[in-house]
Amino acid sequence: MTEQDPGPQYGKRAVPAVVAGEDVLLSDEDRERAVERVRAAVVSGRLPLGELDGRLTRIYDARTRGELEAAGSGLPEPGPRDTLVVDRAPTSRFALGLFGGFRRSGPWVVPARFTAWSMWGGGRLDLTEARFADQETVIRAVALWGGTGIVVPDDIDVQVRGFGLFGVFGGRGAHRTGRPGAPRVVVKGLALFGAVVIKPKR
């Protein structure tokens, strides 16, 4: 007997081939996790600062997981920010927003004493990726007809001892307790017809 051709199979869908893991297309969340690995490696000293731009470019150009893994090769997986107090020179000690603005964010080293002035202007201090030169940091923030926003992560202690006169000094990120042994940030100063607002990390 000869085997007969069953003919066209109507009503059946073709089963797509299984896509290998390295060929899976990336999501924005995948890229952001890779970016965090690179930034953490720069902060910890594993990756030279000169390689940061090149690595980030490769990450944002990547389309598949395989390309993303190649961009982050040699870097550890992200974990808790174990070393928050570092023995490195502070990035800056003073910020001034005078008829303008200032911004400190990303992987920067905060000194034991930092001063921020906002006068007819504004500024933003983001401590989300920061490291600290001392176990206790005092940020003296003064806002005169201006405003300063301070973003704090959930793994540090935060105390606010400032005063608002016809203004606001505080916020939802004030008086927070981090994990045991976490560094402490004390925010002092004055808001006169202005605002110093402490915000939790979103």
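Residues numbered from 1 in each chain as written. Predicted model: local features only at pLDDT ≥ 70, side-chain atom pairs only at ≥ 80, totals over all residues. Heavy atoms only, no water.

Mapped onto the secondary structure, Arg55 falls in helix α2 (residues 52-61). A relative accessible area of 13% places Arg55 in the buried class. Looking at Arg55, its side chain comes within polar contact range of the main-chain oxygen of Ala71, at 2.8 Å. For Arg55, the residues in contact, after removing those within four places along its chain, are Val38, Leu47, Ala71, Gly72, Ser73 and Leu75. (Helix = DSSP H or I, 4+ residues; strand = E, 2+ residues; numbered from the N terminus. Buried < 20%, exposed > 50% of the residue type's maximum accessible area, 1.4 Å probe, protein only. Polar contact = N/O pair within 3.5 Å; in protein donor to acceptor, adjacent residues only side chain to side chain. Contact = heavy atoms within 4.5 Å.)

Below, the discussion takes up the nonpolar core. In terms of nonpolar packing, the biggest core is built from 26 residues, with Leu125, Leu127, Ile150, Ile156, Val187, Val196 and Ile198 touching the most fellow members. Contributing elements (two or more residues each) for this core: β4 (113-119), β7 (136-144), β8 (147-152), β9 (157-160), β12 (184-192) and β13 (195-200). Sequence-distant contacts of Leu125, defined by excluding residues within four places in its chain, comprise Phe102, Arg104, Trp108, Phe114, Ala116, Ile139, Gly149, Ile150 and Val151. Formed by 14 residues, the second largest nonpolar core is a distinct cluster that contains Leu26, Val38, Val42 and Leu68. (Core = buried A, V, L, I, M, F, W, Y, C linked by side-chain atoms within 4.5 Å.)

When pLDDT is averaged across the protein chain, the result is 83; 84% of the residues are at 70 or more. Contacts from residues 8-20, a stretch scored under 50 in pLDDT, to residues over four places away or in other chains number 1 contact. (pLDDT = per-residue confidence, 0-100.)

For Trp120, which is not a glycine, the phi torsion comes out positive at approximately 55°. In this fold, Trp120 is placed in the loop between β4 and β5 (122-126). Overall, Trp120 belongs to the partly exposed group, its relative accessible area being 43%. The backbone phi angle of Trp145 is positive, close to 50°, even though this residue is not glycine. Along the polypeptide, Trp145 turns up in the loop between β7 and β8. Overall, the relative accessible area of 43% leaves Trp145 in the partly exposed class.

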